[in-house]
Amino acid sequence: MTTYATIEQLCDHVGQEVTLRGWTYKTRFSGKIGFVVLRDGTGLCQCVVEKLDELAEVFAAAKELTQESSVEITGLKLVQKAVDYPITPKAHGVDFLMKHRHLWFRSQRQHVILRIRATLVDAIRQHLNKSGFILIDTPIFNGTAGEGHSTLFGVDYFDEKAYLAQTGQLHVESACMAHGKVYCFGPTFRAEKSKTRRHLTEFWMVEPEIAYANLDEVIDVAEDFVCGIVERVLNDHREDLEFLGRDVASLECIKKPFYRITYSHAVDILHGPKAKQLLEDDLTTKKQAITDLSTKLDELEESAKTARKKWQQEKAAQDIQAARTERSELEEQVGNIPHHMELAANFEWGSDLGGSDETIISRLHDKPVFVTHYPKEVKAFYMRVDRENDKLVENFDMLAPEGFGEVIGGSAREEDYDILLSRIHDHKLPIEPYEWYLDLRRYGSVPHGGFGLGVERTLAWICGLPHIRETIPYPRMMGKIEI
Ligand code: 4AD
Ligand code: MG
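What counts as what
Residues numbered from 1 in each chain as written. Chains lettered and ligands numbered in written order. Predicted model: local features only at pLDDT ≥ 70, side-chain atom pairs only at ≥ 80, totals over all residues. Heavy atoms only, no water. Helix = DSSP H or I, 4+ residues; strand = E, 2+ residues; numbered from the N terminus. Buried < 20%, exposed > 50% of the residue type's maximum accessible area, 1.4 Å probe, protein only. Contact = heavy atoms within 4.5 Å. Areas by Shrake-Rupley, 256 points an atom, 1.4 Å probe, with all protein chains shown as cover. Lys, Arg positive; Asp, Glu negative; His and termini not counted. Charge placed at Lys NZ, Arg CZ, Asp CG, Glu CD. Phe/Tyr/Trp six-rings, centres within 6.5 Å; stacked < 30°, edge-to-face > 60°. Lys NZ or Arg CZ within 6 Å of the ring centre and 35° of its normal. Domains from an automatic or database assignment. Near = heavy atom within 4 Å. Polar contact = N/O pair within 3.5 Å; in protein donor to acceptor, adjacent residues only side chain to side chain. Nonpolar A, V, L, I, M, F, W, Y, C, P; charged D, E, K, R; others polar. Core = buried A, V, L, I, M, F, W, Y, C linked by side-chain atoms within 4.5 Å. Pairing = 2+ DSSP bridges. Axes fitted to C-alpha atoms, helices over the stretch in contact; angles between N-to-C directions. 1 Å grid on protein atoms, 1.4 Å probe; cavity = no way out; pocket = protein on both sides within 12 Å on 5 of 7 lines; lining within 4 Å. Points joined across faces, edges and corners; volume = space filled by probe spheres on them.

Draft legend 1. Seen up close, the overall build of the chain. The secondary structure content of the chain amounts to 14 helices and 16 strands. Its C-alpha atoms put the chain at 90 × 60 × 45 Å along the principal axes. Expressed as a percentage of the 483 residues in the chain, the buried residues total 46%. Of all intrachain contacts in the chain linking residues separated by at least 6 positions in sequence, the fraction that spans at least 24 positions is 67%. By element, 52% of the accessible surface of the chain is carried by carbon and sulfur atoms, the whole surface being about 24,600 Å². For the chain, the separation between the mean place of its 59 positive charges and that of its 76 negative charges on side chains is 6 Å.

This is the structure:
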């Protein structure tokens, strides 16, 4: 009888005969010996086949294996021969890879990222479950907007207008009045019309909500939460993170206390000398890097011309592609820096922090930063008005360090019926759809608050990925819906 094992389980079968089932990652033959690198989802394993008389058939079969052919290995049983697998070891651009997302999954880097995602999701659930939070699933079809009308996806709901959830917050607010500490965790939808490295139209968000909590207490919960999930991922995936090229030391210092600054202080930072210096230094280093890359590219192109062996040509093509991509990204960044300098220097108190402003503040800190007390005009209607300065709300954004920017948005919620009603009016929202939400302020209203953490942005930060598109199995962005 055949004993099947996965590559991960092989160490439990030393000295025994087992069969592996998987896909051919690559093969290499040299004289009387052949190597088949097999991938089975749990790992990679190099299998060896010798050209012995009694193994002549197996050796011949191994020579036939193509990239991604499915195969069972004790002797060697071909399950299906893959012909012309599109993602070859030669270099491919990201557009090509995104069009082949269903196959791109199989590459080592994507494999690692999605495994880390699975751990992150598990860490989120476990942390909250162990801390006494009750999971409350919130609806995806909604009659009301949670986060402003500009990013709503409308759907036809039996001839009525409905919207895809931008947040589960309003519903978890009502649930926390029943259970005390609750959270929802699911997909959320925003019609983001811009293509940026931080925005998806469909993303996963976890939203804890706590009754009888003030702003500082909510921030404390967010701080513990982020420390807990980063620690778990580091614990389970240190090698994977290193494989991705992540500087693990900068994750190790994600320990309490994080920085807490007000929005007004953040504005001072943007106007200050450190922000200016940071961008000026950037300009110098990046221009130098472009020059260095151009020299390197000349050399690479020269050596590609003289490469004889196929693997040398493939390697050269890969290196050239990587250097070109890096150079064009740097050129784009250098083009943007003067604009970002201007935005920071001329930032006016009262506007919302933009992506480049967040990047500056987060780069000037080695740990996450909570930015609190934004002007109420730029924030959502449900945020609690600061009783000491009614121009502000009691909210916070948590900016991840190293330039990753906002990964959490949260606030104390307005618990006073009259103030909330006037805020709904100020935002020119219709009252009727929010009557149920106003009930929470009519019947036993208490101070409460919570926050939302975006899974994909958090994963991009933890893995050190410059773009959000690789952090979700099937990314949805403007202009991207297929597969
Ligand atoms: O700051 P946001 O909009 O906050 C809310 O939705 C609140 N209702 C949360 C709450 O208080 N319960 O979004 C929260 C987080 C952001 O910090 C970001 O991580 C993520 O959700 N996010 C996005 N991620 C990817 N693509 C987008 N378009 C995102 N918009 C928000
Ligand atoms: Mg936000």
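Back to the write-up after that little detour.
Draft legend 2. How the structure looks around the packing of aromatic side chains. In this structure the tally under the stated criterion is 16 aromatic pairs. Summarising the aromatic geometry, the rings of phenylalanine 381 and tyrosine 434 are spaced 5.2 Å apart at their centres and angled 65° between planes, so their arrangement reads as edge-to-face. Residue phenylalanine 381 is located in the loop between strand S13 (369–372) and strand S14 (395–400), and its partner tyrosine 434 is located in the loop between helix H12 (417–426) and helix H13 (435–442); the two are separated by 53 residues in the primary sequence. The class of phenylalanine 381 is buried, set by a relative accessible area of 4%. Ring geometry for tryptophan 436 against tyrosine 437: centres 5.9 Å apart, planes inclined by 70°, an arrangement best described as edge-to-face. Taking the relative accessible area as the measure of exposure, tryptophan 436 reaches 29% and is therefore partly exposed. The lysine or arginine in question, arginine 21, covers the ring of tyrosine 4, its NZ or CZ lying 3.6 Å from the ring centre.

Draft legend 3. Representation of the domain arrangement of the chain in the model. Domains assigned within the chain are domain 1 (7–80), domain 2 (102–258 + 367–470) and domain 3 (264–344). One C-alpha centre belongs to domain 1, the other to domain 3, and the line joining them spans 41 Å.

Draft legend 4. Expanded view of the site of ligand 1. Around ligand 1, the surrounding shell holds 24 residues, and the nearest of these are Glu147, Gln169, Arg190, Glu207 and Glu406. At 2.8 Å from an oxygen atom of ligand 1 is found a main-chain nitrogen or oxygen belonging to valine 407. When isolated, ligand 1 has an accessible area of 630 Å², and the protein chains bury 94% of it. Among the elements of the structure, strand S11 (202–211), strand S15 (405–412) and strand S16 (448–454) are those that each provide at least two residues to the shell around ligand 1. The element best represented in the shell around ligand 1 is S15, accounting for five residues. The residue makeup of the shell around ligand 1, split by class, is eight nonpolar, eight polar and eight charged.

Draft legend 5. Highlighting the nonpolar core. Counting residues in hydrophobic clusters, the biggest one holds 47 residues, and the most contacted among them are Ile124, Val226, Leu241, Phe396, Ile408 and Trp461. Ranked by the residues each element gives to this core, the list is headed by helix H6 (residues 215–243), at twelve residues. Discounting chain neighbours no more than four positions away, the residues touching isoleucine 408 are Ala222, Val226, Phe396, Asp397, Met398, Phe451, Gly452 and Leu453. Listed in part, the 28 residues of the second largest apolar core include Ala275, Leu353, Ile360 and Ile361.

Draft legend 6. Highlighting the sheet that holds strand S12 (residues 259–262). Spatially, S6-S10-S11-S16-S15-S14-S13-S12 is the arrangement adopted by the eight strands of the open sheet, whose pairing is mixed. Each edge of the sheet is formed by a strand with only one pairing partner; in this case those strands are strand S6 (134–135) and S12. Pairing of strand S10 (residues 181–189) with S11 involves nine bridges; the strand directions are antiparallel. When the bridges of S11 are listed, phenylalanine 189 appears paired with glutamate 202. Strands S12 and S13 of the sheet are contacted by helix H8 (residues 263–271), whose axis makes an angle of about 90° with S12.

Draft legend 7. Structural context of unusual backbone geometry. A cis amide bond links lysine 256 to the next residue, proline 257, at an omega of -5°. Along the polypeptide, proline 257 turns up in the loop between helix H7 (248–252) and S12. The phi dihedral of aspartate 84 falls on the positive side, at around 55°, and the residue is not glycine. Within the secondary structure layout, aspartate 84 lies in the loop between strand S5 (77–80) and helix H2 (94–99). Notably, lysine 428 is not glycine yet its phi reads approximately 55°, a positive angle. Summarising the element assignment, lysine 428 is placed in the loop between H12 and H13. Under the relative-accessibility criterion, lysine 428 is labelled exposed at 74%.

Draft legend 8. Up close: the side chain of glutamate 456. One can find glutamate 456 in helix H14 (residues 455–463). Judged by relative accessible area, glutamate 456 falls into the buried class, the value being 1%. Apart from residues no more than four positions distant in its own chain, glutamate 456 is found in contact with Arg117, Leu200, Phe203, Trp204, Ile468, Thr471 and Ile472.

Draft legend 9. Fine view of the layout of surface pockets. Computed from the structure, the second largest pocket encloses a volume of approximately 310 Å³. Among the elements of the structure, helix H4 (108–130) and H6 are those that each provide at least two residues to the lining of the second largest pocket. Here the residues of the lining of the second largest pocket sort into four nonpolar, five polar and six charged. When we break the lining of the second largest pocket down by domain, the ones giving at least three residues each are domain 1 (7–80) and domain 2 (102–258 + 367–470).

Draft legend 10. Expanded view of the environment of threonine 295. Looking at the element boundaries, threonine 295 is found in helix H9 (residues 273–306). Here the alpha-carbon distance between threonine 295 and isoleucine 229, two residues 66 residues apart in the chain, equals 42 Å.

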